[in-house]
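Geometric and topological summary
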Amino acid sequence: MKFRLPWIVSMGEGAFESLPEALHDVGCSSALVVTDSTVKKLFGWRIEGLLGGNSIRVGFVEVATNHQPTLDKLHVEIPWGDFGCVLGMGGGRPVDVGKYLAYKSSKPFVSVPTSISHDGFASPIVALKDDGGNPLSLFTAPPRAVIVDLEVVSKAPRRLLASGVGDIVAKVTSVADARLAIRERGEDIPESSLRLAESAASMVLENIEEVSRWSTRGLRVLAEAGLMAGMAMSVAGSSRPCSGAEHLFSHAVDKLYPERGGLHGEQVGVGSIVSAYLHGIDWRRLRDALKRVGAPTSVREIGLSVEEAARALLEAPRLRQRYTILHKLNLSEREAREAITATVGSE
Ligand SMILES: NC(=O)c1ccc[n+]([C@@H]2O[C@H](COP(=O)([O-])OP(=O)(O)OC[C@H]3O[C@@H](n4cnc5c(N)ncnc54)[C@H](O)[C@@H]3O)[C@@H](O)[C@H]2O)c1
Ligand SMILES: O=P(O)(O)OC[C@@H](O)CO
Ligand SMILES: [Zn+2]
């Protein structure tokens, strides 16, 4: 086993203020900030003031896609000699894109999530799409520094935070898939990575009331869980502990219905309820936790009919070789429809 973890993690109210010091520690005196237009409008001025005031030069690039060929074109247009590091600021997408550009240019990456809507802010994984809309899960390097300002995160729309709960409680089923693969396929997955992912889900499930209040304590639980999930992926050397059948369902929704669907964590949460049912795990516990935080618990809430969701469930195992409950069961059309109807078909 060989893995890397972030050097610096700064988490708490006002953690943004520690950015200049973190950049100094990673040896960066000029940063390329990768973000999106919404997040730039909200926080760009603050980052510029904070870093500029500490003699750190700042350039911005706004991204609206995670399409790999487009990002490869963007990569060759960036004057890399001007920048000592890349800072990814926003939800999961700018963080992924920043991580990818940093990796390709061999620059340190600093992750600055503005919402905990996903578990990629401390992970070494970059989730992109290819020309056909198929998911690409690339193993790069973990961020050198992770800065989570809980005051900033607390002001993110509730929908984003509820989506983050979906990505975390989904570790119940991703770990179940990993254990299934160990048992039935002899797959080699470090136990410690599974324990980290399991603990991330347990922390959130056991504190779901506090999390649903979006108090600083609740947000800290969610953010720490995201950190643990990121570490699980570093230890495993892939997203294996954190991405099973529920993620394949979400990737299939992205592929089949690119103009519809919900946020990543919303789709994954719904997929996790179905996957838990197929595993014979207490799926109602996951559903109730998601409902408690206001996350979608039905396919209708992510913009799909039962038929469309059943189609995504059938497409899901074709998207990746990684063994999951969907590969084991090889559902028929009727079984897929029944599984959706029994769990996430109404409301
Ligand atoms: N690399 C990994 O390990 C990993 C893990 C999980 C998810 N992901 C990826 O992350 C992406 C999903 O992340 P996402 O749902 O955050 O998507 P996203 O980055 O597109 O963000 C969703 C929306 O939230 C807005 N936003 C972010 N912070 C805000 C704030 N504080 N206030 C107001 N608006 C804010 C953004 O502008 C955007 O419109 C997917 O592409 C998924 O594949 C990657
Ligand atoms: O490898 P994938 O399936 O993109 O998963 C990464 C991440 O979304 C896990 O929460
Ligand atoms: Zn995910």
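Please read all numbers here as calculations on a predicted model, not as lab measurements.

We now examine the sheet that holds strand β1 (residues 8-12). The strands making up a sheet associate through backbone hydrogen bonding, with each pair oriented either parallel or antiparallel. Sheet architecture is open: 6 strands sit in the order β1-β8-β5-β4-β2-β3, paired in parallel fashion. Strand pairing shows two members of the sheet lacking a second neighbour, β1 and β3 (57-62), which therefore form its edges. The sheet shows a mean angle of 15° between the axes of neighbouring strands, direction not considered. Two strands pair when backbone bridges link them, and strand β5 (residues 109-113) and strand β8 (residues 145-149) are joined in this way by 2 bridges, in the parallel orientation. From the neighbouring strand, Val-110 faces β8, where its bridge partner is Ala-145. Where helix α4 (residues 92-104) meets the sheet, it contacts β2 (30-35), β4 (85-90) and β5, and its direction lies at approximately 170° from that of β4.

Further remarks concern the pattern of salt bridges. Counted according to the given criterion, the structure contains 22 salt bridges. In this structure, Arg-159 engages Glu-266 in a salt bridge whose closest nitrogen and oxygen atoms are separated by 2.7 Å. With Arg-159 in helix α6 (residues 158-169) and Glu-266 in helix α12 (residues 264-279), the pair connects residues that are 107 residues apart, well separated along the chain. What makes Glu-266 buried here is its relative accessible area of 6%. What you see here is one network of salt bridges that share partners, running through Arg-179, Glu-191, Arg-195 and Glu-198.

So, about the UniProt feature "binding site: Zn(2+)" (unreviewed entry) in the chain. If you check UniProt for "binding site: Zn(2+)" (unreviewed entry), the listed places come out as Asp-167, His-247 and His-264 in our numbering. A maximum C-alpha distance of 8.8 Å among these annotated residues, which run over 98 residues, shows that they cluster at one spot. On the secondary structure map, Asp-167 appears in helix α6. Setting aside chain neighbours within four positions, we find Asp-167 in contact with His-118, Asp-119, His-247, His-264, Gly-265 and Val-268. Among the structural elements, His-264 can be located in helix α12. Ignoring any residue separated from it by four or fewer positions in sequence, one finds His-264 in contact with Ser-163, Asp-167, His-247 and Ser-250. Among the polar contacts listed, one links the side chain of His-264 to the side chain of His-247, at a separation of 3.3 Å.

Definitions and limits used
- Residues numbered from 1 in each chain as written.
- Chains lettered and ligands numbered in written order.
- Predicted model: local features only at pLDDT ≥ 70, side-chain atom pairs only at ≥ 80, totals over all residues.
- Heavy atoms only, no water.
- Pairing = 2+ DSSP bridges.
- Helix = DSSP H or I, 4+ residues; strand = E, 2+ residues; numbered from the N terminus.
- Axes fitted to C-alpha atoms, helices over the stretch in contact; angles between N-to-C directions.
- Contact = heavy atoms within 4.5 Å.
- Salt bridge = Lys/Arg side-chain N within 4 Å of Asp/Glu carboxyl O.
- Buried < 20%, exposed > 50% of the residue type's maximum accessible area, 1.4 Å probe, protein only.
- UniProt positions renumbered as here; feature names shortened; annotations may be inferred.
- Polar contact = N/O pair within 3.5 Å; in protein donor to acceptor, adjacent residues only side chain to side chain.

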